[in-house]
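Coordinates in review
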Amino acid sequence: MKKLLIILALLSGYAHAITVNEIVDAAKQARDQAGKITTPIFSLTDTQGTIHTDQTTKGKYLVVNFWATWCPPCLKEIPAFVEFYETNKDKVLILGLDYEQADKRAIADFTDTFMVSYPIILFDENNGPQFSRFGEVFGMPTTYVYNPEGQLVDFRMGEMDIESLQAAISK
């Protein structure tokens, strides 16, 4: 019976798979809109209880990085984000948005292992609805970079390195 329902759903159009082309097109649209898109109105509470909003982040570059513990490219880029943040925290704020249902203690252990010094935001009932305000996340990692005036200056789906981060804040 389950197989029949799945087949009927597929044939009737109720199930829609996202194609690679759709993902690439969405990424291109976001990149083309850089400079036209501004920081959304948001309020996120990090694992330390600090509230970050569109107002409290003004005046610094804002790097919003969607990641997850199960994502190999995310894990690979974390050391670069840590180094970049430590070097630039006077003019940059990184918000690491953990896009998975995860236990706070497990994420704390994980971020301690990677020596993450920038704020981590958990996907929960309060923060989760705020995540979508930055745009759709089609793949992990996804990073948005806003300038101190709140304009989107860079968007990346996939791993970012220190050079890419530096280039983003040089725009």
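Residues numbered from 1 in each chain as written. Predicted model: local features only at pLDDT ≥ 70, side-chain atom pairs only at ≥ 80, totals over all residues. Heavy atoms only, no water.

Moving on to the pattern of salt bridges. With the rule as written, the count across this model stands at four salt bridges. Between arginine 105 and aspartate 109 there is a salt bridge, with the nearest N and O atoms lying 2.7 Å from each other. A residue pair is termed a helical-turn pair when its members lie 3 or 4 positions apart in one helix, as arginine 105 and aspartate 109 do in helix H4 (residues 104–113) at four residues. Overall, the relative accessible area of 52% leaves arginine 105 in the exposed class. (Salt bridge = Lys/Arg side-chain N within 4 Å of Asp/Glu carboxyl O. Helix = DSSP H or I, 4+ residues; strand = E, 2+ residues; numbered from the N terminus. Buried < 20%, exposed > 50% of the residue type's maximum accessible area, 1.4 Å probe, protein only.)

What follows is about the environment of isoleucine 78. For isoleucine 78, the location among the structural elements is in helix H3 (residues 72–88). Linking isoleucine 78 and tryptophan 67, residues 11 residues apart in sequence, is a C-alpha distance of 9.2 Å. Contacts of isoleucine 78, omitting those with residues within four sequence positions, involve Trp67, Phe110, Phe114, Val116 and Tyr118. (Contact = heavy atoms within 4.5 Å.)

A few words now on the sheet that holds strand E4 (residues 92–98). Pairing between sheet strands relies on hydrogen bonds along the backbone, with the strands arranged either parallel or antiparallel. The strand order across the open sheet built from five strands is E5-E4-E3-E6-E7, with neighbouring strands paired in mixed fashion. In the strand order of this sheet, the two ends are held by strand E5 (120–122) and strand E7 (152–157), each with one partner. Averaged over all pairs of adjacent strands, the angle between strand axes in this sheet comes to 15°, irrespective of strand direction. In this sheet, E7 lies alongside strand E6 (residues 142–146) in antiparallel orientation, the contact comprising five bridges. Opposite tyrosine 146, over in E7, you have leucine 152 as the bridge partner. (Pairing = 2+ DSSP bridges. Axes fitted to C-alpha atoms, helices over the stretch in contact; angles between N-to-C directions.)

For the structure shown, the criterion picks out 14 aromatic pairs. An angle of 75° between the planes, with centres 5.7 Å apart, marks the rings of phenylalanine 66 and phenylalanine 131 as edge-to-face. One end of the pair, phenylalanine 66, is in strand E3 (residues 61–67); the other, phenylalanine 131, is in helix H5 (residues 128–131), with 65 residues separating them in the sequence. Taking the relative accessible area as the measure of exposure, phenylalanine 131 reaches 1% and is therefore buried. Measuring from centroid to centroid gives 4.9 Å for phenylalanine 110 and phenylalanine 114, while their planes differ by 40°, and the two rings are tilted. The class for phenylalanine 110 is buried, based on a relative accessible area of 16%. (Phe/Tyr/Trp six-rings, centres within 6.5 Å; stacked < 30°, edge-to-face > 60°.)

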